[in-house]
Amino acid sequence: PVTFDVNGGSTVSGRTLVYGSLVSRPEDPTREGYTFAGWFADAAFTVPWNFAADTVPGSPLVLHAKWSVNSYLVSFVSNGGSAVASQIVDYGTAVAEPAVPSREGYTFAGWFTDAALATAWDFDSDTMPASAITLYARWSINDYLVSFDENGGTIVANQTVEYAALVAEPVAPTREGHTFAGWYADGALTVPWDFDVDRVPAHEITLHAAWVVNSYLVSFDSTGGSFIAPRIVEYGTSVPEPAAPTREGHTFVGWFADAAFATGWDFDSDTMPASAITLYAKWAVNSYFVSFEPNGGSAVTSRSVDYGSLLA
């Protein structure tokens, strides 16, 4: 008898032949992932069988199928990430896991056998099939912290925002004596941030508040003295001291923050508040010496009398 050891291939029927006759060559067997490489007279595949010349011996004959393993292409689609080189891999063996690709603003989440990213490829257990394959990269988008530097204004809450997404414009902060002038991408306040256009980069960012200092009106109530022109003064700065007003019969004492003259204004230390103010002039009435010339009459004592008062 002649039998065929297909070594994992498709079945080949044996046959019974007369001693010394030729063995007719059977149809080549098939085996997934392999190419048939011929029949051999020994299991070590050292003696090929020549169907045109070799004849049936006087003992049972076993012919052994030899196979060469096929190699197939593995392609990697990085889906926006850095390029990954293809591989040629033998059927049934493991695919070498490539270095992790990179993609700005994303974290790599593995390789998948389908473009829909439904079936993950396990490099530890999955083996090469009998065909070329493509593995697809999956990514998870990163979140980044957006901080707000209020530059002296009221607190604005941080945000966590996806890469390349818009930042939600917060309610404008407030700051005494200032008007909010927008958010900037840099501490030098040279690059304005446009919440309708600008998107989060692949790193944490801080947006900086810009402010315009307000100016307020300072009025001078000279309370009967000469006119003092009002002026506009920036919040937090010193009010320039005007020339002292004049008032007949009075000596100027100073400027006060209230009409009751309870709180004096110090031009060297007091600064402009976040509102219009009026400063009030305080006066001390002058006293004058009144002498009497009796012209031969009895002497009359001199006296000091306040300006504007009746002479008693």
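Note that this is a predicted model, so its numbers are computed, not measured. (Residues numbered from 1 in each chain as written. Predicted model: local features only at pLDDT ≥ 70, side-chain atom pairs only at ≥ 80, totals over all residues. Heavy atoms only, no water.)

Engineer: Explanation requested: the sheet that holds strand β13 (residues 231-234) in the structure shown.
Structural biologist: Through backbone hydrogen bonds, the strands of a sheet pair up, either in parallel or in antiparallel fashion. The four strands lie next to each other as β13-β12-β15-β14, forming an open sheet whose pairing is mixed. Two strands lie at the open edges of the sheet, namely β13 and β14 (250-256), each paired on one side alone. The mean inter-strand angle of the sheet, taken between neighbouring strand axes irrespective of direction, is 30°. (Pairing = 2+ DSSP bridges. Helix = DSSP H or I, 4+ residues; strand = E, 2+ residues; numbered from the N terminus. Axes fitted to C-alpha atoms, helices over the stretch in contact; angles between N-to-C directions.)

Engineer: What am I meant to see in the packing of aromatic side chains here?
Structural biologist: How two aromatic rings sit relative to each other is set out by the distance from centre to centre and by the angle between their planes. Under the definition given, this model contains 16 aromatic pairs. Each ring, one from Tyr 34 and one from Tyr 91, has its centre 5.8 Å from the other, and the planes form 75°; the classification is edge-to-face. Taken together, the residues span a long stretch of sequence, with Tyr 34 in strand β2 (residues 34-40) and Tyr 91 in the loop between β5 (87-90) and β6 (106-112) at a distance of 57 residues. Between the NZ or CZ atom of Arg 31 and the centre of the ring of Tyr 34, over which it lies, the distance is 3.8 Å. Between Arg 103 and the ring centre of Tyr 106, over which it is positioned, the NZ or CZ distance is 3.8 Å. (Phe/Tyr/Trp six-rings, centres within 6.5 Å; stacked < 30°, edge-to-face > 60°. Lys NZ or Arg CZ within 6 Å of the ring centre and 35° of its normal.)

Engineer: I keep staring at the nonpolar core and nothing clicks. Help me out?
Structural biologist: Nonpolar side chains tend to gather and get buried jointly when the protein is soluble and globular. In terms of nonpolar packing, the biggest core is built from 15 residues, with Val 146, Phe 148, Val 167, Trp 183 and Leu 207 touching the most fellow members. Only β8 (143-149) and β11 (205-213) provide two or more residues apiece to this core. Examining the composition of this core, we find that four residues originate from one element, β11, more than from any other. Residues within four places of Phe 148 in sequence aside, it is in contact with Val 156, Ala 157, Asn 158, Gln 159, Val 167, Pro 170, Trp 183 and Leu 207. (Core = buried A, V, L, I, M, F, W, Y, C linked by side-chain atoms within 4.5 Å. Buried < 20%, exposed > 50% of the residue type's maximum accessible area, 1.4 Å probe, protein only. Contact = heavy atoms within 4.5 Å.)

Engineer: What is the right way to look at the pattern of salt bridges in this model?
Structural biologist: Counted under the stated rule, the structure contains one salt bridge. As a salt-bridge pair, Arg 25 and Asp 28 come within 3.6 Å of each other at their nearest N and O atoms. (Salt bridge = Lys/Arg side-chain N within 4 Å of Asp/Glu carboxyl O.)

Engineer: Sorry, what's going on with a nonpolar patch on the surface here?
Structural biologist: A contiguous nonpolar patch, built from Val 285, Tyr 288 and Tyr 307 and spanning about 260 Å² of accessible area, is present on the exposed surface. Within the secondary structure, Val 285 is located in strand β15 (residues 277-285). Judged by its relative accessible area of 37%, Val 285 falls in the partly exposed class. (Patch = residues over 30% accessible without salt bridge, like charges linked within 9 Å, V, L, I, M, F, W, Y side chains within 5 Å. Areas by Shrake-Rupley, 256 points an atom, 1.4 Å probe, with all protein chains shown as cover.)

Engineer: Would you mind going over the sheet that holds strand β4 (residues 71-77) with me for this structure?
Structural biologist: Strand order in the open sheet formed by four strands is β5-β4-β7-β6, with mixed pairing between adjacent strands. Of all strands in the sheet, those with a lone pairing partner are β5 and β6, marking the two edges. Averaged over all pairs of adjacent strands, the angle between strand axes in this sheet comes to 30°, irrespective of strand direction. Bridging between β4 and strand β7 (residues 133-141) involves four bridges; their strand directions are parallel. By the bridge assignment, Val 77 is partnered in β7 with Tyr 136.

Engineer: What should I look at first to understand unusual backbone geometry in this one?
Structural biologist: The bulk of non-glycine residues show a negative phi, and the bulk of peptide bonds are trans. Here Phe 45, not a glycine, exhibits a phi torsion of approximately 60°, which is positive. Along the polypeptide, Phe 45 turns up in the loop between β2 and β3 (61-69).

Engineer: What's the story with the environment of Ser 219 in this structure? I'm lost.
Structural biologist: Assignment of secondary structure puts Ser 219 in strand β12 (residues 215-221). Note: C-alpha distance between Ser 219 and Thr 206 (13 residues apart in sequence) is 41 Å.

Engineer: How do you make sense of the environment of Ser 82 when you look at a structure like this?
Structural biologist: Note that Ser 82 resides in the loop between β4 and β5. Its relative accessible area of 29% is what places Ser 82 among the partly exposed residues. Sequence separation of Ser 82 and Val 100 is 18 residues, and the distance between their C-alpha atoms is 8.9 Å. Every residue in contact with Ser 82, bar those within four places of it in the chain, is listed here: Pro 101 and Ser 102.

Engineer: Even after reading the chapter, I still don't get the environment of Val 212, so can you show me in this structure?
Structural biologist: As for its placement among the helices and strands, Val 212 is situated in strand β11. Along the chain, Val 212 and Leu 135 lie 77 residues apart, while their C-alpha atoms are 56 Å from each other. Residue contacts for Val 212: discarding those within four places in its chain leaves Gly 177, His 178, Thr 179 and Ala 181.

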